[in-house]
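Chain residues, written in single-letter form:
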2 protein chains.
Amino acid sequence: MRTYRALFDAHVERWSNGLPAGDLHAPMAYLLALPAKRVRPVLTLMACELFGGDPRTALDQALAIELFHNFTLMHDDIMDAAPLRRGQPTVHARWNVNTAILSGDAMLVMAYTALGPDPNVLAVFNRHALEVCAGQQLDMDFEQRDDVGLSEYKEMIRMKTAVLLAAALRIGAIRAGAGEADQERIAGFGEGVGLAFQLRDDLLDAFGDPAVTGKEQGGDLRNGKKTWLLIRGLEVEREHGSSVLREQLAMDASERDVATMITALRELGVEQEAQAEVERLAGTALDQLHLIDPNGDRTAALRALAVSLIERAA
Amino acid sequence: MRTYRALFDAHVERWSNGLPAGDLHAPMAYLLALPAKRVRPVLTLMACELFGGDPRTALDQALAIELFHNFTLMHDDIMDAAPLRRGQPTVHARWNVNTAILSGDAMLVMAYTALGPDPNVLAVFNRHALEVCAGQQLDMDFEQRDDVGLSEYKEMIRMKTAVLLAAALRIGAIRAGAGEADQERIAGFGEGVGLAFQLRDDLLDAFGDPAVTGKEQGGDLRNGKKTWLLIRGLEVEREHGSSVLREQLAMDASERDVATMITALRELGVEQEAQAEVERLAGTALDQLHLIDPNGDRTAALRALAVSLIERAA
């Protein structure tokens, strides 16, 4: 894991150092230099090696995935009017909205440039890149709606988060010449890990330790954000004929009692249910790895990375 | 020309009709349905046929070029805060800025999807797509500067406008299997036409007939926009020791006397000089066509299209 990361970090640094001066490219280097886990490109390199390829032959595709991910961050931060990203000013806050739009556009073009012309790689990238956009659109649509169901929510996080992990892994596998069945398995693993990761994120918002997460406890609940927890909580409430969450949501955000909402979610069994769902998703994901590598020797690092993402406390 | 256009229109219509419902895709269909000359995709089809290909084999690449062009319009209109495009509300005005950002992003991904995996086509598209972004960045930079020179201005319009015409033609040529020398010539033709077209646009702003152009005469001059005319006008004024333009620019936009500025440009010989430059650029462009087709039989339609773009009155 540490070698993959070092390999990729050196590649990104070379790329960033080669950028021309000026406001088109400076925001790219700025965003890439913020502290980040770089999970997606590492997954590309790991998948390449898992299927017998030299991970160095997938470095450009790993870079393409990371550039694409950062392009989405640059534009999503505009759409969310977010002032901070990883504790630092977002690109549109530090420069301006126009610069963030244009630099993001150019970053997407440069992602394609790094990706290269392999038709199989391109097909995966194109399909999933469009899904990521569709996922962001659903996320924005949901803000205007009160009737979002759990299956719609899962479809949204699948498109917005999980498919890019799947694409990162599948593209690494393609670079190594993996067959279609193995590609499906490694992509299925990535999608499951991505869903579990996002659901874990929802759980941490309500039940994580703010001293560890560094975020206000229940921030999503205060904002009435339709996460897995809140959607499921409202469903269970309706079944039980209770209305604590519904009443809290009817108030202005500033008047909501987040502690009451958290207690309600716990008493409704939603915390337990969500944790069980994380484990179910993680189990399904790891089953896919088992099919690829029954002995588990060659997938130990991938398994450890998946577990660290899913069991993280922050 | 009419057949190329009909061929392409049918292709775009099929594509638009196949789009899913929802705010991610609706703005694409909306923008594509506004009246437009569709010069770029027509150029792709014409270049394909010129070099012996069936233009229908370049339809997807022509679509990619048109989608890319419309993606830039969608995002440029946000950056320019433009309320209207072709007489209709811009996407960000009709929907909102976030929708215009995201739909534009998805449109760029769909341009790549239409483009396909030919490495030569991709290389041309990637290079020129990045130049278009760099050209838009320069255009925005110039708004903040008072010392823009004529060569910088030409480089800006080359990147922002001319290279996409060159790419449209070169990609059509590649689809037909044209050699490198012919590709260079047809791209050089496109770049020359694009530069002449943009310079003609600058001329029409000041010297066109508002009844024909449908725009306020001298709108660019009123806004102090650094076009070829104004940049060159200020240069010649400095050489002559006069200062009409400089004094007008020092005023607030609302107090500028556009008629005085137009008269000054004419008296300084800038109108004539710009018109001569349009003709020089057009001549150089047509020379490239002549190299491809000394008899001129196979390039008659391309020549007619170029002349109509350069000699247009609106």
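These figures come from a predicted structure and were not determined experimentally.

The rules behind each value
- Residues numbered from 1 in each chain as written.
- Chains lettered and ligands numbered in written order.
- Predicted model: local features only at pLDDT ≥ 70, side-chain atom pairs only at ≥ 80, totals over all residues.
- Heavy atoms only, no water.
- Helix = DSSP H or I, 4+ residues; strand = E, 2+ residues; numbered from the N terminus.
- Rg over C-alpha atoms; globule rule 2.2 N^0.38 Å.
- Buried < 20%, exposed > 50% of the residue type's maximum accessible area, 1.4 Å probe, protein only.
- Contact = heavy atoms within 4.5 Å.
- Areas by Shrake-Rupley, 256 points an atom, 1.4 Å probe, with all protein chains shown as cover.
- Lys, Arg positive; Asp, Glu negative; His and termini not counted.
- Charge placed at Lys NZ, Arg CZ, Asp CG, Glu CD.
- Least-squares fit on C-alpha atoms with pLDDT ≥ 70 in both.
- Disulfide = S-S within 2.5 Å.
- Core = buried A, V, L, I, M, F, W, Y, C linked by side-chain atoms within 4.5 Å.
- pLDDT = per-residue confidence, 0-100.
- Buried area = accessible area lost by both parts, 1.4 Å probe.
- Salt bridge = Lys/Arg side-chain N within 4 Å of Asp/Glu carboxyl O.
- Polar contact = N/O pair within 3.5 Å; in protein donor to acceptor, adjacent residues only side chain to side chain.
- Phe/Tyr/Trp six-rings, centres within 6.5 Å; stacked < 30°, edge-to-face > 60°.
- Lys NZ or Arg CZ within 6 Å of the ring centre and 35° of its normal.
- Expected span 1.5 Å × (residues − 1).
- Bend = angle between axes of the 7 residues up to and from the residue.

### A word on the overall build of chain A
Working step 1: Across its full length, chain A carries 16 helices and 2 strands.
Working step 2: What you see for chain A is a C-alpha radius of gyration of 20 Å, in line with the 20 Å of a compact globule of 314 residues.
Working step 3: Principal-axis analysis of the C-alpha atoms places the extent of chain A at approximately 55 × 50 × 35 Å.
Working step 4: Residue burial in chain A is summarised as follows: out of 314 residues, 56% are buried.
Working step 5: Partitioning the contacts of chain A with sequence separation of at least 6, the portion at a separation of at least 24 is 72%.
Working step 6: Total accessible area computed for chain A in this model is approximately 13,100 Å², and 50% of it derives from carbon and sulfur atoms.
Working step 7: Charged side chains in chain A number 32 positive and 46 negative. The centres of these two groups are separated by 4 Å.

### Quick notes on the environment of B:T213
Residue and element names in this part refer to chain B.
Working step 1: In this structure, T213 sits in helix α10 (residues 210-213).
Working step 2: By relative accessible area, T213 is classed as partly exposed at 21%.
Working step 3: Distance in space between the C-alpha atoms of T213 and I174 is 36 Å, their sequence separation being 39 residues.
Working step 4: Every residue in contact with T213, bar those within four places of it in the chain, is listed here: L204, G208, A313 and A314.

### Re the relation of the copies chain A and chain B
Working step 1: Turning chain A through 180° and shifting it by 0.0 Å along the axis lays it on chain B, with an RMSD of 0.0 Å. Taken together, the rotation and translation describe the operation of a two-fold axis. For chain A, the residue whose C-alpha comes nearest the rotation axis is A:P117, separated from it by 2.7 Å.
Working step 2: Interface overlap between copies: 100% of the residues of chain A at the interface are likewise at the interface in chain B, consistent with a symmetric, same-surface contact.

### Side note on the state of the cysteines
Working step 1: Per the stated rule, a full pass over the model turns up 0 disulfides over all chains.
Working step 2: A:C133 carries a free sulfur, and the closest cysteine sulfur to it, the one in B:C133, is 15 Å from it.

### Looking at the nonpolar core
Working step 1: Judged by nonpolar contacts, the single largest core of 216 residues is most densely connected at A:I186 and B:I186.
Working step 2: At 15 residues, helix α8 (residues 150-175) of chain A tops the list of elements feeding residues into this core.
Working step 3: Discounting residues that sit within four places of it in the chain, A:I186 has contacts with A:A47, A:L50, A:F51, A:L169, A:R170, A:A173, A:L289, A:I292 and A:L302.

### Points about the confidence of the model for chain A
Working step 1: Summarising the model, chain A shows a mean pLDDT of 95, and 100% of its residues fall at 70 or more.
Working step 2: For this predicted complex, the interface score ipTM comes out at 0.95, alongside a pTM of 0.95.

### Structural notes on the interface of chain A and chain B
Working step 1: Taken residue by residue, the interface counts 28 residues in chain A and 28 residues in chain B.
Working step 2: Approximately 2,700 Å² of surface area, both sides summed, lies buried where chain A meets chain B, with 75% of it carried by carbon and sulfur atoms.
Working step 3: Where chain A meets chain B, there are 0 salt bridges.
Working step 4: At the junction of chain A with chain B, the criterion picks out 4 residue pairs in polar contact (both at pLDDT 80 or more).

### Observations regarding the environment of A:V307
Residues and elements named next belong to chain A.
Working step 1: Within the secondary structure, V307 is located in helix α16 (residues 300-310).
Working step 2: For V307, a relative accessible area of 32% translates into the label partly exposed.
Working step 3: With 267 residues separating them in the primary sequence, V307 and R40 have C-alpha atoms 15 Å apart.

### A closer look at the pattern of salt bridges
Working step 1: This structure, assessed with the given rule, holds 44 salt bridges over all chains.
Working step 2: Ionic pairing is found between B:R170 and B:E180, a salt bridge with its closest N-O pair at 3.4 Å. Here B:R170 is found in helix α8 (residues 150-175), whereas its partner B:E180 is found in helix α9 (residues 180-207), with 10 residues between them in sequence.
Working step 3: For the salt bridge of B:D201 with B:R312, the shortest nitrogen-to-oxygen distance reads 3.4 Å. Of this pair, B:D201 sits in helix α9 while B:R312 sits in the segment after α16 (300-310); the two residues are 111 residues apart in sequence, bridging distant segments of the chain.
Working step 4: For B:D201, a relative accessible area of 27% corresponds to the partly exposed category.
Working step 5: Judged by its relative accessible area of 11%, B:R312 falls in the buried class.
Working step 6: Members of the salt-bridge network, linked through shared partners, are A:E131, A:E155, A:R158 and A:E191.

### Observations regarding the packing of aromatic side chains
For any pair of aromatic rings, the description rests on two quantities: the centre-to-centre distance and the angle between the ring planes.
Working step 1: Counted under the stated rule, the structure contains 9 aromatic pairs over all chains.
Working step 2: Ring geometry for A:Y30 and A:W95: centres 5.4 Å apart, planes at 80°, overall edge-to-face. You can see A:Y30 sitting in helix α2 (residues 26-33) and its partner A:W95 sitting in the loop between α5 (91-94) and α6 (97-115), a full 65 residues away along the chain.
Working step 3: These aromatic residues form a ring-pair network of at least three members: A:F68, A:F71, A:Y112, A:F125, B:F68, B:F71, B:Y112 and B:F125.
Working step 4: Note that A:R94 overlies the ring of A:W95, its terminal NZ or CZ placed 5.1 Å from the centroid.
Working step 5: If you follow B:R312 out to its NZ or CZ, it ends over the ring of B:F197, 4.0 Å from the centre.

### So, α8(B)
Residue and element names in this part refer to chain B.
Working step 1: The end-to-end C-alpha distance of α8, which contains 26 residues, comes to 36 Å, matching closely the 38 Å that a straight helix rising 1.5 Å per residue would cover.
Working step 2: Of all the bends found along α8, the most pronounced is centred on A162 and spans about 45°.
Working step 3: Counting buried positions over the 26 residues of α8 gives 20, a clear majority of the element.

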